[in-house]
Amino acid sequence: MNVMEKGRTGCGALRAADEGSVVELCGWVNRRRDHGGLIFVDLRDNDGVTQVVFDPQHPSFQAAEHLRHEDVLRVRGTVRRRPAGTENPKLATGEIEVGVDELEILNRAQVPPFAVNSDDPVDENLRLEYRYLDLRRSRMQRNLRLRHRIVKAMRDYFDSRDFVEIETPMLMKSTPEGARDYLVPSRLHPGSFYALPQSPQMLKQILMIAGFGRYMQIARCMRDEDLRADRQPEFTQVDVEMSFCTQDDVLEIMESGMRYVWKAVLGVELPPFARLTYDEAIARYGVDKPDLRFGLELSDVGAHFAGTEFGVFASVLGAGGSIVALRYPGGASLSRRDFDALTETAKQFGAKGMVWVAYAADGVKSSASKFLSEAQLAAVRAAANAEEGDAVLLFADARELAYGVAGKMRNEVGDRCSLRDPRAFAFCWVLGFPYLELDEETGKPAPAHHPFTAPAEGQWELMESDPMQMRAQHYDMVLNGYELGSGSIRIHKPEQQRKIFEMLGLSPADVEHRFGFFVRALEYGAPPHGGMALGIDRIAMLACGEENIREVIAFPKNQVGRDLMMEAPSTVPEQLLRDLYLRSTVPADGSR
Ligand code: ASP
């Protein structure tokens, strides 16, 4: 039974053994039914639901007649067994009901814009506008409670491994994690700004320099990025850093942590996490966050098409590109129209086209049958491990593009073939990332992780000769095709840190302005150190079997970054702007 205030019983608590007790219950009207001259109310609180019954002889009967969904009540009454045949086995309290002696209506509710007592689908914008009602529904109650247990288990685990939780400030200087900063203008220092943390990266490293050895924090981070389905402008990470460690030490700590959380919260015993290099992940799955709940590994079949007369393949191979094959189990039964639709999907993922081959029992069909020899069809089938009844999809393009599209289509095929069971958990590590990647916006080389990451052993020479080939001591934890988080072994020598900044094109003056305090701290005996951060929102989403992180965040922003309940962001009074020495350049009609 839940512990309630003195004298109050939780609405999920009562059982047949409580028959005859006089109890007081408080809660919301989940449902009201008038039946056989009696009024039945299902009273709901965070503990559960209890049926309370109003008798026509009783003075509160008239008031009960006017009760509406979500009115807030206090009732006193006597627990009695439900008449035989009317028990509700689906309800924990289904054997009993409470005959009401006293009713107090604590508050009235407007008619809710959607049913609170069911998890039926409701337009998401409406749910977010009336989030307090949405949060009353059982799905959100369940999700947020599970999330709480995940965070608690994490804290318990890191505590047991001697990590210290230390809070770092929200008003910071910018730490680069590859996104724009949210800025907070300073009233007391006109023209200066704090940045909200993209992560506590530099401060956690400074805590290592400060001798804390093992740090963790349930950290709020803010990144001003374009929104995607699984992204929010602010999010929560379990942020971790440790001294005198190797990459393997960090992987062990984090992997054991996830194993602890899954056992404590879901009762699931996780096997050791698979480990893949970045190159392997791309070659086998086409993405650096592979979903390992299913196989369907990719293969490069380019070698079988040397000298082909099929123009598309010939030109791709001539330019040094790849032809990547993906098996579609049972795909031979698809119609030409189905294959056309699949080709459209591939195009949305960036493909220029798609060739399909269907290995049906009554013969092989293909969108390019004129150009493919018997030997080639057999070689493709063997390379893709296709059986009779399967299809094979082929993507020809520059290597990165061909694999990228094939990787996305692999997930698509996984969905279509129901290979992505939401109750299965396939964790893995991806290791050995390139140090640099080309920034999508600027086209310039930027760190694949962040500039505090150490290059892999023996890679410093490449910095001069071929920086794009440099590898990093950077690792990602991946679950079911989602990146849960990244980390790295850090640079701890100030001269090496300066070299990296220089490679990234920062002038000594830039370095001093943005990172001077940090590089100076490295000069005072920084220990070797490394760490990682995992996204709690994604972890909670996958643990709850949800497909969207908004389902595990109490007050999320919508897809365009708005809080529909508070109506944020919003304009502010002119005077506030003046106090901050700011003037808006946005025209009064809001246009830009
Ligand atoms: N600061 C990194 C991030 O937020 C994680 C890490 O390197 O520890 O992604």
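Before reading on, note that the structure itself is shown above.
All values derive from a computational prediction rather than experimental measurement.

Caption draft 1: Looking closely at a negative patch on the surface. Residues Asp 224, Asp 226, Glu 437, Glu 440 and Glu 441 make up a contiguous surface patch of negative charge. On the secondary structure map, Glu 441 appears in the loop between strand S19 (436-438) and strand S20 (445-447). Judged by its relative accessible area of 71%, Glu 441 is exposed.

Caption draft 2: Focus on the site of the ligand. Surveying the vicinity of the ligand reveals 14 residues, the closest of which are Glu 177, Gln 201, Lys 204, His 449 and Arg 490. Separating an oxygen atom of the ligand from a side-chain N or O atom of Gln 237 is a distance of 3.3 Å. Within the complex, the protein chains bury 95% of what would otherwise be the 270 Å² of accessible surface of the ligand. Among the secondary structure elements, those contributing two or more residues to the shell around the ligand are helix H5 (201-209), strand S22 (482-489) and strand S23 (529-535). A per-class count over the shell around the ligand returns 2 nonpolar, 8 polar and 4 charged.

Caption draft 3: Here's a closer look at the sheet that holds strand S7 (residues 164-165). Strand order across the open sheet formed by 8 strands is S7-S10-S11-S23-S22-S21-S18-S12, with mixed pairing between neighbours. Looking at which strands have only one partner, the edges of the open sheet turn out to be S7 and strand S12 (274-277). Where S7 lies against strand S10 (residues 214-222), 2 bridges are found, and the strand directions are parallel. The partner of Glu 165 across the bridge, within S10, is Met 216. Running at roughly 140° to S22, helix H15 (residues 536-543) makes contact with S10, strand S11 (234-243), strand S21 (474-479), S22 and S23 of the sheet.

Caption draft 4: A look at the sheet that holds strand S14 (residues 322-328). Strand order in the open sheet formed by 5 strands is S13-S14-S17-S15-S16, with antiparallel pairing between adjacent strands. Unpaired on one side and paired on the other, strand S13 (299-300) and strand S16 (363-366) mark the two borders of the sheet. As defined by bridge partners, strand S15 (residues 355-360) adjoins S16 across 4 bridges and the pair is classed as antiparallel. Across the sheet, the residue bridging to Tyr 359 is Val 364, located in S16. Lying over the sheet, helix H8 (residues 311-318) contacts S14, S15 and strand S17 (391-397), oriented at roughly 50° with respect to S17. Each of S13, S15, S16 and S17 is contacted by helix H10 (residues 374-383), which is oriented at about 85° to S15, the strand it contacts most.

Caption draft 5: Up close: the pairing of S23. Within S23, 7 of the 7 residues are buried, which leaves the element mostly enclosed by the surrounding structure. Side chains His 529, Gly 531, Ala 533 and Gly 535 of S23 all project onto a buried face; the interleaved residues Gly 530, Met 532 and Leu 534 project onto the opposite face, where all are buried too. One ladder, built from 7 bridges, connects S11 with S23; its direction is antiparallel. Each residue of the ladder has a partner; that of Glu 241, found in S23, is Gly 531.

Caption draft 6: Looking closely at the nonpolar core. Formed by 53 residues in total, the largest nonpolar core has its most connected members in Met 254, Met 258, Trp 262, Phe 427 and Met 477. No other element matches the 8 residues that helix H6 (residues 247-266) contributes to this core. Every residue in contact with Phe 427, bar those within four places of it in the chain, is listed here: Met 258, Trp 262, Leu 270, Phe 273, Ala 274, Met 477, Val 478, Leu 479 and Leu 484. By size, the runner-up hydrophobic cluster in this structure holds 26 residues, among which are Ile 282, Val 324, Leu 326 and Ala 346.

Caption draft 7: Structural view of the packing of aromatic side chains. Taken as a whole and assessed by the stated rule, the structure comprises 18 aromatic pairs. Over the face of the ring belonging to Tyr 403 we find Arg 399, whose NZ or CZ atom lies 4.7 Å from the ring centre.

Caption draft 8: Region of interest: the packing of helix H7 (residues 278-285) against helix H11 (residues 399-416). Two numbers describe how H7 lies on H11: the axes approach to 8 Å, and their chain directions differ by 65°. Between H7 and H11, the angle is such that the two are roughly perpendicular. Contact residues: H7 offers Ile 282, Ala 283 and Tyr 285, while H11 offers Arg 399, Tyr 403, Gly 407 and Arg 410. Here the contact of H7 with H11 is composed, by residue class, of 4 nonpolar, 1 polar and 2 charged.

Caption draft 9: Region of interest: the pattern of salt bridges. Enumeration according to the criterion identifies 45 salt bridges in this entry. Note that Lys 557 and Glu 234 form a salt bridge whose closest N and O atoms lie 3.0 Å from each other. Here Lys 557 is found in the loop between H15 and helix H16 (574-579), whereas its partner Glu 234 is found in strand S11, with 323 residues between them in sequence. In this structure, the salt-bridge partner of Glu 574 is Arg 578, at a minimum N-O distance of 3.8 Å. Of the two residues, Glu 574 and Arg 578 are both situated in helix H16; the distance of 4 residues between them amounts to about one turn of the helix. When salt bridges with common partners are traced through the structure, they connect Arg 127, Arg 131, Asp 134, Arg 137, Arg 139, Glu 546 and Glu 551 into a single cluster.

Caption draft 10: Geometry of H5. Among the 9 residues in H5, 7 count as buried, and that is most of the element. Those residues of H5 lying buried are Gln 201, Met 202, Lys 204, Gln 205, Leu 207, Met 208 and Ile 209. Those residues of H5 that are buried are in contact with S10, S11, helix H14 (508-522) and S23. Following H5 by one or two positions, Gly 211 adopts a phi angle in the positive range, close to 85°.

Caption draft 11: Layout of a nonpolar patch on the surface. Judged by side-chain polarity, Met 170, Leu 171 and Tyr 194 come together as a nonpolar surface patch covering roughly 260 Å² of accessible area. Following the sequence through the fold, Tyr 194 ends up in strand S9 (residues 193-195). Assessed through its relative accessible area of 33%, Tyr 194 is described here as partly exposed.

Reading the values: the criteria
Residues numbered from 1 in each chain as written. Predicted model: local features only at pLDDT ≥ 70, side-chain atom pairs only at ≥ 80, totals over all residues. Heavy atoms only, no water. Patch = residues over 30% accessible without salt bridge, like charges linked within 9 Å, V, L, I, M, F, W, Y side chains within 5 Å. Areas by Shrake-Rupley, 256 points an atom, 1.4 Å probe, with all protein chains shown as cover. Salt bridge = Lys/Arg side-chain N within 4 Å of Asp/Glu carboxyl O. Lys, Arg positive; Asp, Glu negative; His and termini not counted. Charge placed at Lys NZ, Arg CZ, Asp CG, Glu CD. Helix = DSSP H or I, 4+ residues; strand = E, 2+ residues; numbered from the N terminus. Buried < 20%, exposed > 50% of the residue type's maximum accessible area, 1.4 Å probe, protein only. Near = heavy atom within 4 Å. Polar contact = N/O pair within 3.5 Å; in protein donor to acceptor, adjacent residues only side chain to side chain. Nonpolar A, V, L, I, M, F, W, Y, C, P; charged D, E, K, R; others polar. Pairing = 2+ DSSP bridges. Contact = heavy atoms within 4.5 Å. Axes fitted to C-alpha atoms, helices over the stretch in contact; angles between N-to-C directions. Core = buried A, V, L, I, M, F, W, Y, C linked by side-chain atoms within 4.5 Å. Phe/Tyr/Trp six-rings, centres within 6.5 Å; stacked < 30°, edge-to-face > 60°. Lys NZ or Arg CZ within 6 Å of the ring centre and 35° of its normal. Parallel < 35°, antiparallel > 145°, perpendicular 65-115°, else oblique.

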